[in-house]
Amino acid sequence: MEITRQEINGVSFFACPDPAWTGAAHGFSTRLGGVSPAPWHSLNLGSSLGDDPSRVRENFSRFCSAAGTGKSALVKNHQVHSDVVRPVTEADTLSDPARPGTCEADGLITDRPGVCLTIFSGDCIPVLLYDPVRRCIAAAHAGWRGTALGIAARAAQAMVRDYGCAPEHILAAIGPGIGPCCFETHADVPDGLRAGLGEDAEAFIRPLSKPGKFSVDLKGANAQWLRRAGLSPAHIALCPACTACQLDLFWSHRVQGKQRGSMAAMIQLV
């Protein structure tokens, strides 16, 4: 499986075009296709970065229309860089798409078609999960702490434990995020990955020439967590796009700080 760039009505986003994903409307947004001015230019979906709510509302309307999701069905997370996965229903949907997220968790999960799971990123790794047999979905926000804690695997495990999914049926899409080309870290990040993945972490850590500096592949580490959770490697799609490399297409917290907008990843059962 692969994740490809698509454009609908001027809104550019990434999604998995494989027919197996037909029952789950989904997408990873870019910064293109919205109405916000600089520094949020243009498809800003962040509600807490200083942009006018009316523009955020319009941006969500455009992105949801392109991705095929419902703007009145949004359940947004309030990320806390954890391994907490929270089940949600229609009772958690927001009355206004411009409102900030209220679900304190880095993973959301549901089997309700009336719910659009929505998570945010500005370098962190967004992961969407879908079981087309049991009809269950999950979304995970994997910063380096969440990656070290295995948030993507925790979401898959919750699908199995709480909703009766079979790991071999679960499809995964790992979206745009900072790549190893740009993610230069101190030892705390590699140490965190080693604490979670053990020896498997070494494949995603590369020492740099600068003393005490490392390059880390967070997308690869999340894919490894999902394989550990029982997902078939053939069912894991990984987007190679790096948010820090392509500032014409994405925002990067690492490069731009708070003078930026925010991308979102969303998924909803059709």
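Each remark here, short or long, concerns the structure printed above.
Here the structure is a predicted model, which means the values were calculated and not measured.

> Quick question: what am I supposed to make of unusual backbone geometry here?
Outside of glycine, negative phi angles account for most residues, and trans bonds account for most peptide bonds. The omega angle of the peptide bond from Ala38 to Pro39 is 5°, so this bond is cis rather than trans. Relative to the assigned elements, Pro39 resides in the loop between strand S3 (24–29) and helix H1 (53–67). At the junction of His41 and Ser42, the peptide bond is cis and its omega measures out at 0° in the coordinates. Assignment of secondary structure puts Ser42 in the loop between S3 and H1. Of note, the phi angle at Asp123 is positive, near 150°, even though the residue is not glycine. Here Arg135, not a glycine, exhibits a phi torsion of approximately 65°, which is positive.

> Is there a simple way to think about the sheet that holds strand S2 (residues 11–15) in this case?
Each strand in a sheet pairs with its neighbour through backbone hydrogen bonds, running either in the same direction (parallel) or in the opposite one (antiparallel). Read from one edge to the other, the open sheet built from seven strands follows the order S1-S2-S3-S16-S8-S4-S6, with strand pairing classed as mixed. The open sheet has two edge strands with one neighbour each: strand S1 (4–8) and strand S6 (103–104). Bridging between strand S4 (residues 74–78) and S6 involves two bridges; their strand directions are parallel. Along S6, the bridge assignment pairs His78 with Glu104.

> Where do I start with the packing of helix H3 (residues 151–163) against helix H5 (residues 218–228) in this structure?
When two helices pack together, you describe them by how their axes are tilted relative to each other and by the distance separating the axes. Taken N-terminus to C-terminus, the directions of H3 and H5 make an angle of 30°; their axes are 8 Å apart at the nearest point. Between H3 and H5, the angle is such that the two are roughly parallel. You can see that H3 and H5 cross each other, and the crossing is right-handed. Contact residues: Ala152, Ala153, Arg154 and Ala156 in H3; Asn222, Trp225 and Leu226 in H5.

> Explanation requested: the sheet that holds strand S5 (residues 85–87) in the structure shown.
Ordered by their spatial adjacency, six strands build an open sheet running S5-S7-S10-S9-S11-S15, and the pairing between neighbours is mixed. The sheet is open, and its two edges are formed by S5 and strand S15 (236–238), each paired on a single side. Along the sheet, successive strands turn relative to each other by an average axial angle of 15°, direction set aside. As judged from the four bridges shared by strand S9 (residues 125–131) and strand S11 (residues 171–174), these two strands associate in the antiparallel manner. Counterpart to Val127 in the pairing with S11 is Ile174. Its contacts with the sheet put H3 on S5, strand S7 (107–110), S9 and strand S10 (136–142), and the angle it makes with S10 is roughly 155°.

Analysis parameters
- Residues numbered from 1 in each chain as written.
- Predicted model: local features only at pLDDT ≥ 70, side-chain atom pairs only at ≥ 80, totals over all residues.
- Heavy atoms only, no water.
- Helix = DSSP H or I, 4+ residues; strand = E, 2+ residues; numbered from the N terminus.
- Pairing = 2+ DSSP bridges.
- Axes fitted to C-alpha atoms, helices over the stretch in contact; angles between N-to-C directions.
- Parallel < 35°, antiparallel > 145°, perpendicular 65-115°, else oblique.
- Left-handed = near helix turned anticlockwise from the far one by under 90°.
- Contact = heavy atoms within 4.5 Å.

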